[in-house]
Amino acid sequence: MAASASALAPLSSFSISHRHHTRLRHHTTSVFSLTLKPPSGFTLFTRTNHPGLAPVRAASASDIDTTFFDTVDPDEITSFDPPLPPEGFVPPPYYDEGPEESEEEIGRAYEEIYGPAYSGVTYLGNDLGVMDSKGKKTSGFRNKREKIRDGFEEKVVQVRRVTKVVKGGRQLHFRAVVVVGDKRGQVGVGVGKAKEVSGAVQKSALNARRNIVTVPLTKYSTFPHRSEAKYGAAKVMLRPAAPGTGVIAGGAVRTVLEMAGVENALGKQLGSNNALNNARATVEAVLMMRQFSEVAQQRGIPMEELWK
């Protein structure tokens, strides 16, 4: 103990404390604690007595080199002296010096760079509808779309609200019946169902275009002969009429005849009042009609002998 204290005697900044503990199993234990006290004037980063470290001092204004600005006058007006052009350099002409371009030349130059414009005019023979297939993708028929311009007119016959019962409750949809036609002998009936009315109408119009039939008409815009047809519980009777009679029919039958281009005809619903079934029954009755020329050709006789 005396040797340890004599060894630490030169360190005046250290203090040693000794504390006795209790006797455990006939052995006495002692604990020594060493406390370090920094001497006065001690700094962590500046140790001038070490030969390898130099003291750190703050930079002064005299350390910044400002000799470049001593020869520059801030109020002096300087002019830009560009370098000389190389030999044989020909400056390009200004845009207003050349001859005036025509609208066709401007359109051709624009189309070469950007493609056909939205004005609907092309000078290079490009496809004006090339951007139609690059539109935004739409899910279902929820977004509004432009009407198809194929010469067919659309007419809504019926829009009904239908409900489907599922495990979690009821699902509400709309069913639309649409008739399309060009009023020149082409007509079609379609049905579609969607969660919105506009989507149902678009679906049914697309379905109607897939089921186009040809209506046989005479020069008086009427049927060549009478016809009857059934579809489900609906039964429809069609009769030709004299010029000036008009279309005397009701419900879906009238709509189908008008969209087909029939101007003089008689129609009657004899069965169910269901609009979809009556419209399809009208199409079935039209498909059963034939022109006189077709019948005469099938029989192998002249058309005049059909009325004998």
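Residues numbered from 1 in each chain as written. Predicted model: local features only at pLDDT ≥ 70, side-chain atom pairs only at ≥ 80, totals over all residues. Heavy atoms only, no water.

Asks: Help me understand helix H2 (residues 103-114) in this model?
Replies: An α-helical turn contains 3.6 residues, so any two residues separated by three or four positions project in the same direction. The first and last C-alpha atoms of H2 sit 16 Å apart over 12 residues, in line with the 16 Å expected at 1.5 Å per residue. In the stretch just after H2, Gly 115 is the one whose phi turns positive, near 90 degrees. (Helix = DSSP H or I, 4+ residues; strand = E, 2+ residues; numbered from the N terminus. Expected span 1.5 Å × (residues − 1).)

Asks: Explain the nonpolar core to me, please; I cannot follow it from the model alone.
Replies: Burial of nonpolar side chains together is a common tendency in soluble globular proteins. By size, the foremost hydrophobic cluster in this structure holds 28 residues, and its most contacted members are Val 187, Val 189, Phe 223, Leu 238 and Leu 257. Those elements that provide at least two residues to this core are strand E4 (169-181), strand E5 (186-194), strand E8 (234-240), helix H4 (251-260) and helix H5 (275-287). Inspection of this core shows a minimum of three residues originating in each of domain 1 (153-214) and domain 2 (227-299). Apart from the residues lying within four places of it in its own chain, the contact partners of Val 189 are Val 177, Val 178, Val 179, Asn 207, Ala 208, Asn 211, Val 256, Leu 276, Ala 279, Arg 280 and Val 283. Formed by eight residues, the second largest nonpolar core is a distinct cluster that contains Val 180, Ala 194, Ala 200 and Val 201. (Core = buried A, V, L, I, M, F, W, Y, C linked by side-chain atoms within 4.5 Å. Buried < 20%, exposed > 50% of the residue type's maximum accessible area, 1.4 Å probe, protein only. Domains from an automatic or database assignment. Contact = heavy atoms within 4.5 Å.)

Asks: Where do I start with the sheet that holds E5 in this structure?
Replies: Strand pairing in a sheet relies on backbone hydrogen bonds. The paired strands run either parallel or antiparallel. Pairing is antiparallel in the open sheet, where four strands are placed in the order E3-E4-E5-E6. Edge strands, defined here as strands with exactly one partner in the open sheet, are strand E3 (153-166) and strand E6 (212-214). Strand-to-strand twist in this sheet, taken as the mean axis angle between neighbours without regard to direction, amounts to 15 degrees. In this structure, E4 lies alongside E5, joined through eight bridges in antiparallel fashion. In the strand pairing of E5, Ala 176 is matched with Gly 192. Where helix H3 (residues 197-209) meets the sheet, it contacts E3, E4, E5 and E6, and its direction lies at approximately 145 degrees from that of E5. Strand contacts of H5: E3, E4, E5 and E6, with the helix running at about 155 degrees to E5, the strand carrying the most contacts. (Pairing = 2+ DSSP bridges. Axes fitted to C-alpha atoms, helices over the stretch in contact; angles between N-to-C directions.)

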